[in-house]
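An overview of the molecular structure
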Amino acid sequence: MTDKTPPATAHAVPRFQPAAFTPTAEQVAIQTNRARHVIAMANAGAAKTTTLALRIAESITRRVAPEHIIVLSFSAEAARVLQQRLVEVGLDPGLARRVRCTTFDDFARDTLRALEGGDTPFLASFEALAPHVRAAVAELHRLNALRQAPRELWLPEHNAQIADFLQIARRLKTQLVRPALEEDETVAMRADALDIAEGVFALYRQLEKERAGDGEACRWRTVFDATYDLACLLTGSDPPPTLPKYRMVIVDELQDMNPASYACLEHLLAQGSAFFTGAGDFDQVIHRWAGAGTNFIRSRFGAGWHSVRRLPLTMTFRHGAAMALATAALKAKEVVSGRDHAARIEVEAYADAGDAARRTVARVLDWQRRSRRLDRCAIILRSPDQSIAIENALLEAGIGVRVEGLESYFLRPEILMLRGVIAFALEDYESIPGAERRLQVLQALELWQELAWATSRIEDLKTAAAQPELFDAFLQGRLLQPQTLADRAAAGLSDDEETQAAHRLLALLARLRREGRHDEADVLLSRQRAAAQAVAETPAQQSARVRLAGALEILRAAPADETADVALERAVAALELERVAQRIFIDPASAAAVSRSIAGFIDAARRSGRPLREFAQWLRQAEERVAELRRRKTVLLCTVEAAKGQEFDAVILPLLEEGAFPLAGCDRSEESNRFYVAATRMRDELTLLVPAEPARLSPFVSAMKIGDAIARARHPPAAPDAARGRG
Ligand SMILES: Nc1ncnc2c1ncn2[C@@H]1O[C@H](COP(=O)(O)OP(=O)(O)OP(=O)(O)O)[C@@H](O)[C@H]1O
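Residues numbered from 1 in each chain as written. Predicted model: local features only at pLDDT ≥ 70, side-chain atom pairs only at ≥ 80, totals over all residues. Heavy atoms only, no water.

A tally of regular secondary structure across the protein chain gives 31 helices and 15 strands. For 727 residues, the compact-globule formula gives about 27 Å, and the C-alpha radius of gyration of the protein chain, at 29 Å, lands near that figure. For the protein chain, the C-alpha atoms occupy an extent of roughly 100 × 70 × 55 Å along the three principal directions. A buried classification covers 52% of the 727 residues belonging to the protein chain. Across the protein chain, every contact between residues at least 6 apart in sequence was considered, and the portion connecting residues at least 24 apart equals 77%. Per element, the accessible surface of the protein chain, about 32,300 Å² overall, is 52% carbon and sulfur. Mean positive and mean negative side-chain charge positions of the protein chain (94 and 97 charges, respectively) differ by 5 Å. (Helix = DSSP H or I, 4+ residues; strand = E, 2+ residues; numbered from the N terminus. Rg over C-alpha atoms; globule rule 2.2 N^0.38 Å. Buried < 20%, exposed > 50% of the residue type's maximum accessible area, 1.4 Å probe, protein only. Contact = heavy atoms within 4.5 Å. Areas by Shrake-Rupley, 256 points an atom, 1.4 Å probe, with all protein chains shown as cover. Lys, Arg positive; Asp, Glu negative; His and termini not counted. Charge placed at Lys NZ, Arg CZ, Asp CG, Glu CD.)

Written out as structure tokens, the structure is:
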């Protein structure tokens, strides 16, 4: 990468002035720079996103059409934040809306849609992908057995192994690893070079073959496949397909760049001879699974580009000196604050997770009382399942909550399933409010009963959800009756197809009778009857059905004055949900989260102190209340990944203990980056909830040397607030 731009071309007088602040000279240098490629790597809160917004606003003021500018990011949240920042710096909202802010993967998907002339089915979850993996494994076994000397291949069998494989496959795609072999290359040789098992690469090839279909159009895509497919097209075809032309390409969160996204970026820049500006922070790499890493940005990014300026943004404007000193200590680097503000950083001890949740909510209430800006407060979690106790406590306190990066635990399949079981046991279908929620409950029940009906027969489910009488018929006819051969055949057909098949059968019978072929007609009819009676269920479906009947029996027999938690404990044990979860969910983390969310649900029942029927009503009211509270100001409950790129006046980080944050089994340096991202979202106040027992304290909290940072911020040395790490 060269840095040869003559200084004379570097600056110009800015034509765009932001409304609320005066940009620093460093910001102006980026805003107005004439170099074709500008890169700013800087600390959290050092105004990277704001400065990218200034550069865009400057170009628009200089008559570049907003449609000729594209902003690419790696998460939908980051793209949304930049679009919003355009308005916040003072660009006309109408103009800001016309700038295309999107993620790399969505850009790739849109581009491919235009090139291919249609949509490709998108499989979002590992659960949706797993059948394809299993089919590819079976095919590999078959092909291997046909070989003269079958190879010994490791191929995934269990869900956890499939999850591991899918993660490796995703990483290979970010590195633009193609399945095709070079001349004289073998699968074993390539696997060796990639440092993966031979079976993994063989399966990668097989699955890609299946995905490619007959070569006409790809059969399905999952997360990142669009970026990978577009990058392969751009780098592998001559001439490469034409991309839309842009005069300016902006990339935020540059540290998340990987080779596949980079291939798309390079072609996009070449297409329109576009100007490029990118910003990022090496310490915010938290997506290593996606091939992100500082090495790529440091060594390969921009290799061969001419006219490149690397420009600094040295001051963080998000928070004051104490927080700058604390992050400097955490990351052993220099952080300078440009904001004259006495941040409030507080550490509070908790006894256990329940206590941490109550203290979190007490902090939220305190913030609401003092600021009246509930919507400017965020509770940032290391992992989604930590939300359960906090959601319960927020509900009890009557605080509205919105979630990002996680699903409210009330809407997770295992809880929806339990709510369905309660409704069926009590014959109180109104306890689940609204047809939409009842549909989710029925779908969850189908999932847990391991019935594959829901996708093709969604209309039937919708009808059952809309009418309480049919809701009951669904239980009796669908969940408690064994599946028959006829059911299984119908599961593969849509409503229309089933009606057509019935019409065809009737027509055939009529014709046979007309032609006097009564014997044939009778055989056909008796075959139909046999199919309608013959049980055709897997052992798993059979035992799920028996367990469901048992759980319903338990709940119906519960004494009227027994509290709901006691009855639910017995029903949950009968349903064996944890064991079933390990079979249904591909990622072991999802399976493990099931028992935690069920425990949270039972805890909510215990705390309500109500018998089952009243608890069901309470749940309904709680749900309505949550919806009502959400219409008012709400606190944000989110994951670190979702918080990235955003900022809040008050940030609360609960459960800062060894095993929870850093999360057990995760890479320590990436965990440190996650913690840094989470803590630096704060503008005015940061609350760190830590275990009372010092031995369990998260090492990241001690690394911040908070006491020292606060003292030094209060009595700064004569020089500016420059903080060098571990000071
Ligand atoms: N010149 C300035 N004077 C005062 N405040 C500023 C200035 N420039 C930016 N800010 C404010 O600083 C805060 C942080 O800016 P921004 O979000 O752009 O940082 P960032 O580097 O993108 O952060 P991160 O990487 O941590 O997401 C914002 O509230 C922004 O409005």
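Attention now moves to the pattern of salt bridges. Across all of its chains, the model carries 63 salt bridges by this definition. Across the salt bridge formed by Lys173 and Asp225, the nearest N and O atoms sit 2.7 Å from each other. Of the two residues, Lys173 sits in helix α7 (residues 159-174) while Asp225 sits in helix α10 (residues 225-236), which places them 52 residues apart along the sequence. Note on accessibility: Lys173 and Asp225 belong to one class, buried. Through salt bridges with shared partners, a single ionic network connects Arg344, Glu346, Glu348, Asp355, Arg359, Arg363, Asp366, Arg369, Arg370 and Glu685. (Salt bridge = Lys/Arg side-chain N within 4 Å of Asp/Glu carboxyl O.)

For the rest of this paragraph, the subject is the nonpolar core. Formed by 64 residues in total, the largest nonpolar core has its most connected members in Phe165, Val249, Leu254, Met257, Leu265, Phe276 and Phe301. Three or more residues apiece are contributed to this core by two domains, here domain 1 (7-117 + 230-313) and domain 2 (126-220). Setting aside chain neighbours within four positions, we find Phe276 in contact with Arg36, His37, Val38, Ile39, Val249, Val251, Leu254, Leu265, Leu269, Phe301 and Trp305. In terms of nonpolar packing, the next biggest core, distinct from the first, is built from 59 residues, Leu442, Ala444, Ala571 and Ala604 among them. (Core = buried A, V, L, I, M, F, W, Y, C linked by side-chain atoms within 4.5 Å. Domains from an automatic or database assignment.)

In total, this model carries 18 aromatic pairs according to the counting rule given. Ring centres 6.0 Å apart and planes at 65 degrees place the aromatic pair Trp448 and Phe585 in the edge-to-face group. Of this pair, Trp448 sits in helix α17 (residues 435-448) while Phe585 sits in the loop between α25 (577-584) and α26 (588-608), and the two are 137 residues apart along the sequence. Exposure remark for Trp448: the relative accessible area of 2% places this residue in the buried category. Among the residues examined, Phe585 registers a relative accessible area of 11% and is labelled buried. Through a chain of ring-to-ring contacts, three or more aromatic side chains come together here, namely Tyr262, Phe276, Phe296, Phe301 and Trp305. Positioned above the aromatic ring of Trp220, the side-chain terminus of Arg211 is 6.0 Å from the ring centre. A cation sits over an aromatic face here: Arg298 above Phe282, 3.8 Å from the ring centre. (Phe/Tyr/Trp six-rings, centres within 6.5 Å; stacked < 30°, edge-to-face > 60°. Lys NZ or Arg CZ within 6 Å of the ring centre and 35° of its normal.)

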